Amino acid sequence: MTIRSYDAESDFDAVLRIWHEVGWIEAGNDDHTEGVKHFVADYRSLVADLNGAPECFVATGLGTIQHGTTALPLSAVTAVMTSHVARRQGLAQRLTAEAIARDAAAGAMVSSLGIFDQGFYNKLGYGSGSYERWHSLDPADLQVPMKARPPQRLTKDDWEAVHDSRMARRRGHGACNLHAYSATRTEMLWSTNGFGFGYPDGPNGELTHHIWFSGKGMEHGPLNAWWMAYQTSEQFLELMALVSNLGDQIHLVRLREPAGIQIQDLIRQPFRRNRISEKSQYEARTSSYAYMQARICDLEGCIAATSLDGTPVRFNLEVSDPVTAALDSEAAWQGIGGSYVVEFGPESSARQGSESGLPTLRAGVGAFTRLWLGVLPASGLAVTDDLDGPAELLADLDRILCLPEPKPDWDF
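Source: prediction; values computed, not measured.

**Q** Can you walk me through the environment of Asp 321 in this structure?
**A** Positionally, Asp 321 belongs in the loop between β16 (313–320) and β17 (338–344). Residue Asp 321 is classed as buried on the basis of its relative accessible area of 10%. Separated by 214 residues in the primary sequence, Asp 321 and Gly 107 place their C-alpha atoms 18 Å from one another. For Asp 321, the side chain forms a polar contact with the main-chain nitrogen of Val 323, separated by 3.1 Å. A polar contact of 2.8 Å, which involves the side chain of Asp 321, links it to the backbone nitrogen of Ile 336.

**Q** Just to check I follow, could you spell out the nonpolar core for this structure?
**A** Taken as a class, soluble globular proteins show a tendency for nonpolar side chains to be buried jointly. Core analysis: the biggest nonpolar cluster contains 90 residues, and Phe 57, Phe 344, Phe 368 and Leu 397 have the highest contact counts within it. For this core, the element with the most residues is helix α3 (residues 91–105), which contributes eight residues. Excluding residues within four positions of it along the chain, Phe 368 makes contact with Ile 296, Leu 299, Ile 303, Phe 315, Leu 317, Phe 344, Leu 361 and Ala 363. In this structure, Leu 137, Leu 239, Ala 241 and Ile 263 belong to the second largest nonpolar core, which totals 26 residues.

**Q** Is there a simple way to explain the sheet that holds strand β7 (residues 132–137) in this structure?
**A** Within a sheet, each strand pairs with its neighbour through backbone hydrogen bonds, oriented either parallel or antiparallel. Spatially, seven strands are ordered β8-β10-β11-β12-β13-β7-β14 in an open sheet, and the strand pairing comes out mixed. The sheet is open, and its two borders are formed by β8 (152–154) and β14 (285–289), each paired with just one other strand. The sheet shows a mean angle of 25° between the axes of neighbouring strands, taken without regard to direction. Looking at chain direction, strand β11 (residues 209–214) and strand β12 (residues 223–229) are connected through five bridges and run antiparallel. Bridge pairing in β12 links Ile 211 to Met 228.

**Q** Would you mind going over unusual backbone geometry with me for this structure?
**A** Backbone phi values are negative for most residues with the exception of glycine, while trans is the configuration of most peptide bonds. The residue after Gly 221, namely Pro 222, is reached through a cis peptide bond having omega 5°. Its location among the elements puts Pro 222 in the loop between β11 and β12. Of note in this structure, Gln 269 is not a glycine but carries a positive phi near 45°. Mapped onto the elements, Gln 269 comes out in the loop between β13 (253–256) and α7 (270–277).

**Q** So what exactly am I meant to see when it comes to the side chain of Ser 130 here?
**A** Note that Ser 130 resides in the loop between β6 (127–128) and β7. For Ser 130, a relative accessible area of 9% puts it in the buried group. The residues touching Ser 130, leaving out its near neighbours within four places in the chain, are Tyr 289, Ala 290, Val 375, Glu 405 and Pro 406.

**Q** Even after reading the chapter, I still don't get the pattern of salt bridges, so can you show me in this structure?
**A** Side chains carrying opposite charge are able to pair once their charged atoms draw close together. Under the counting rule described, the total for this entry stands at 25 salt bridges. Through salt bridges with shared partners, a single ionic network connects Arg 133, Glu 257, Glu 405 and Lys 407.

**Q** Looking at this structure, I do not really get the packing of aromatic side chains. What am I missing?
**A** Any aromatic ring pair is given by two values, namely how distant the centres are and how the planes are angled relative to each other. Evaluated as defined, the whole model comprises 20 aromatic pairs. Relative to Phe 236, the ring of Tyr 230 lies with its centre 5.2 Å away and its plane at 50°, an arrangement referred to as tilted. For the residue pair Tyr 230 and Phe 236, the accessibility class agrees, reading buried in each case. Ring centres of Phe 315 and Phe 344 lie 5.9 Å apart, and the angle between their planes is 40°; this geometry places the pair in the tilted category. Placement of Phe 315 in strand β16 and of Phe 344 in strand β17 is noted, with a sequence separation of 29 residues between them. Pairwise contacts between aromatic rings join Tyr 6, Trp 19, Trp 24, Phe 39, Tyr 43, Phe 57 and Trp 190 into one cluster. When the ring centre of Trp 227 is taken as origin, the NZ or CZ atom of Arg 166, which lies over that ring, is 3.8 Å away.

Analysis parameters
- Residues numbered from 1 in each chain as written.
- Predicted model: local features only at pLDDT ≥ 70, side-chain atom pairs only at ≥ 80, totals over all residues.
- Heavy atoms only, no water.
- Helix = DSSP H or I, 4+ residues; strand = E, 2+ residues; numbered from the N terminus.
- Buried < 20%, exposed > 50% of the residue type's maximum accessible area, 1.4 Å probe, protein only.
- Polar contact = N/O pair within 3.5 Å; in protein donor to acceptor, adjacent residues only side chain to side chain.
- Core = buried A, V, L, I, M, F, W, Y, C linked by side-chain atoms within 4.5 Å.
- Contact = heavy atoms within 4.5 Å.
- Pairing = 2+ DSSP bridges.
- Axes fitted to C-alpha atoms, helices over the stretch in contact; angles between N-to-C directions.
- Salt bridge = Lys/Arg side-chain N within 4 Å of Asp/Glu carboxyl O.
- Phe/Tyr/Trp six-rings, centres within 6.5 Å; stacked < 30°, edge-to-face > 60°.
- Lys NZ or Arg CZ within 6 Å of the ring centre and 35° of its normal.

In structure tokens, the structure reads:
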């Protein structure tokens, strides 16, 4: 096996073949192929050669992740693909580890990705994020206290304005932004019958708020609202009123619940609709999945950027990081395993070492990342994840790390 950087001139056809084999795009679909071209042009990619040809592909994109009001450098793992002939060879794990190390050495403080299932990426130190709630609802059942103006129609050719709108959207704790325009452009190209609506209300005609759909059932749905972007509460309500306007023809829309909002507040008789539509093509229901994961790559930097209200909590931290076992010994970054003295408070800090007299928290990097992000309290992580400490310390951590539920608000 040889790990190397992706070469656009020699590797594209092989990488496109892998994309087809894993079923992420359709053979013969020109939009899908064009999306791959933009994807590989904008992201930092590695390949693993087997018998002289690329058989595994990993890509990352740079961005930011919010911790409170602070935006931290993020490495988003945007693709991990192994061909059918190279399965069970350890290529994906090794290649992903190398991609994490490369970006961490270049300054990424956090790495995040979307998972195909739980377990695989835990071996590289990732921990699961919060549940994402997706509502499948009849738009005619929405009760929105305002009317929507006629919107501007958006197509895949509006990718630049749409991406800028996403980047400028309201972002809460845990929200991610991906810098590359292909992060939006490719998703628009890959959307089945993709279309959108928005409002260019910026001072220079910028798109301030919009929603992007796809759907195979264009006459009556279901439609998927893959994302919405807005800067104010009024703009969010206008987008929801716009969805409601589809209800005279579309019977089902699926959308993600935004941070700080309970969509059920806007649905007329949600339980009744669920009962009468059960097991139908247009079943109204709510689903929750924790399919995004993250891991800290710079522990000192992440904690130094953390500001928390309340009496400070100081403790020794012993972190284990499984990514080291998957890295070449010459990699510039070898994970964050080790001993630290940590203080959480209005001015937080971490330094390598230990201090006598302090309680000790032992944690895997994935569990500690979940704690730091506020996915779960320390007392809960101590039950189900790789985290352990004295009861008094766990209680203090529960108190100080009282954070909003982290929501990436950007799938990748």
